[in-house]
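Now for the letters of each chain:
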Amino acid sequence: GPRTESGSFTRESTLWLGMITILLLAGLVTVGTTAPLITAIGGKPGNVQTAFYHMIVMPLAFASMLLMGVSPALRWFRQQGRSWVAPMVPGAIGSVVLTAISLLAGLRDAGSLAILVVAGFALGVNAAVAAQIFPRGWMYAASYVGHAGVAVMVVGMTLSAALGKTDRLRLHPGKTVESLGYQ
């Protein structure tokens, strides 16, 4: 196929980096979830703390969402001037709106806000490109709609994890327990 200049930043290169990011995330989560099985081979099974997942998911989710937002704005091969700037405007709007809503909802965690900024960006860019391309046929817009859906999923998971409340209880037969305002 056609070759690009060495060091060029194209849609193809951002898609490749995005795939590597997702594969790295999947590999690290697999290592974490199988740690008890792997360590049991040596004797005493061990586990990975939830901090491990927080440490790997946050930066990789940030990178993935950023690449998912930048990629549709780029050309497949050589960039021409600043043609990539205009398609990113809906992403900037998505970032601002989602960040404002998150702050109004009470979110203050910097890591979660960073994820939501880039997820709003990815959602805005992909939704705008999908709307622009959809008149040519749904098949042309399908990947952008799918990526917008992934961004919505990341928004939901991030808000749920950051704003949700949990409580550990010990339940005994026949006894009523109160937690988080419920019985």
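Everything below is about the structure shown above.
Remember, it's a predicted structure, so these values are computed and weren't measured experimentally.

Q: I tried to follow the overall build of the chain on my own but got confused; where do I start?
A: Scanning the chain from N- to C-terminus turns up five helices and zero strands. Seen in sequence order, the chain has helices and strands lined up from the N terminus as α-α-α-α-α. For 183 residues, the compact-globule estimate of 2.2 N^0.38 gives 16 Å, and the C-alpha radius of gyration of the chain, at 21 Å, exceeds that figure by more than 25%. Seen along its three principal axes, the alpha-carbon backbone of the chain occupies a region of about 70 × 45 × 30 Å.

Q: Looking at this model, I keep getting lost on the packing of helix α1 (residues 11-41) against helix α2 (residues 50-70). Mind explaining?
A: When two helices pack together, their arrangement is captured by the angle between the axes and the distance separating the axes. Contact geometry for α1 and α2: axes closest at 9 Å, N-to-C directions at 160°. If you check the angle between α1 and α2, you find them roughly antiparallel. For the pair α1 and α2, the crossing hand works out as left-handed. In this structure, α1 uses T14, L17, G18, T21, I22, L24, L25, L28, V29, G32 and T33 to contact α2, whose residues at the interface are F52, Y53, I56, V57, L60, A63, S64, L67 and V70. Of the residues assigned to the contact of α1 with α2, the class counts are 14 nonpolar, six polar and no charged.

Q: What's the story with the side chain of S112 in this structure? I'm lost.
A: With respect to the helices and strands, the residue S112 is situated in helix α4 (residues 110-133). Among the polar contacts listed, one links the side chain of S112 to the side chain of D109, at a separation of 2.8 Å. Other than its neighbours up to four places away in sequence, S112 contacts M58, L107, T158 and A162.

Q: Whenever I open this one, the packing of aromatic side chains confuses me. Can you help?
A: Centre distance and the angle of the planes are the two values used to describe a pair of aromatic rings. Taken as a whole and judged by the stated rule, the model has one aromatic pair. Here the aromatic rings of F52 and Y53 are separated by 5.3 Å at their centres, their planes lie at 75°, and the arrangement is edge-to-face.

Q: Would you mind going over α2 with me for this structure?
A: For the α-helix, the turn length of 3.6 residues means that residues three or four positions removed from each other point alike. Helix length check: α2, at 21 residues, gives a terminal C-alpha distance of 30 Å against a target of 30 Å (1.5 Å per residue), a fit within 8%. Where α2 is concerned, the buried positions are I56, M58, L60, A61, S64, M65, L67, M68, G69 and V70. Of the surrounding elements, those touching the buried residues of α2 are α1, α4 and α5 (138-163).

Q: I'm lost on the nonpolar core in this one. Help?
A: Within soluble globular proteins, side chains that are nonpolar generally end up buried alongside one another. Of all hydrophobic cores here, the largest spans 15 residues; its most connected members are M65, I115, L116, A119, A122, V154 and V155. Breaking this core down by element, the ones donating at least two residues are α2, α4 and α5. Sorting elements by how many residues they give to this core places α4 first, with six residues. Ignoring any residue separated from it by four or fewer positions in sequence, one finds A119 in contact with M65, A151, V154 and V155. A73, F121, I133 and Y144 belong to the second largest nonpolar core, which has eleven residues in total.

Q: When you look at unusual backbone geometry in this model, what are you seeing that I'm missing?
A: Of all residues except glycine, most have a negative phi; of all peptide bonds, most are trans. The backbone of L180 sits at a positive phi, close to 55°, despite the residue not being glycine. Topologically, L180 is positioned in the segment after α5. Assessed through its relative accessible area of 49%, L180 is described here as partly exposed.

Q: Help me out: how do you make sense of the packing of α2 against α4 in this one?
A: Closest axis-to-axis distance for the α2/α4 pair is 8 Å, and the angle between their directions is 20°. Here α2 lies roughly parallel to α4, going by the angle between them. Crossing handedness for the pair α2 and α4: left-handed. Contact residues: M58, A61, F62, M65, L66, M68, G69 and V70 in α2; G111, S112, A114, I115, V118, A119, F121, A122, V125 and N126 in α4. Grouping the constituent residues of the contact of α2 with α4 by class yields 14 nonpolar, four polar and no charged.

Q: What should I look at first to understand the environment of L24 in this one?
A: Structurally, the position occupied by L24 is in helix α1. It is 42 Å that separates the C-alpha atoms of L24 and Q183, two residues lying 159 residues apart in sequence.

Conventions adopted
- Residues numbered from 1 in each chain as written.
- Predicted model: local features only at pLDDT ≥ 70, side-chain atom pairs only at ≥ 80, totals over all residues.
- Heavy atoms only, no water.
- Helix = DSSP H or I, 4+ residues; strand = E, 2+ residues; numbered from the N terminus.
- Rg over C-alpha atoms; globule rule 2.2 N^0.38 Å.
- Axes fitted to C-alpha atoms, helices over the stretch in contact; angles between N-to-C directions.
- Parallel < 35°, antiparallel > 145°, perpendicular 65-115°, else oblique.
- Left-handed = near helix turned anticlockwise from the far one by under 90°.
- Contact = heavy atoms within 4.5 Å.
- Nonpolar A, V, L, I, M, F, W, Y, C, P; charged D, E, K, R; others polar.
- Polar contact = N/O pair within 3.5 Å; in protein donor to acceptor, adjacent residues only side chain to side chain.
- Phe/Tyr/Trp six-rings, centres within 6.5 Å; stacked < 30°, edge-to-face > 60°.
- Expected span 1.5 Å × (residues − 1).
- Buried < 20%, exposed > 50% of the residue type's maximum accessible area, 1.4 Å probe, protein only.
- Core = buried A, V, L, I, M, F, W, Y, C linked by side-chain atoms within 4.5 Å.

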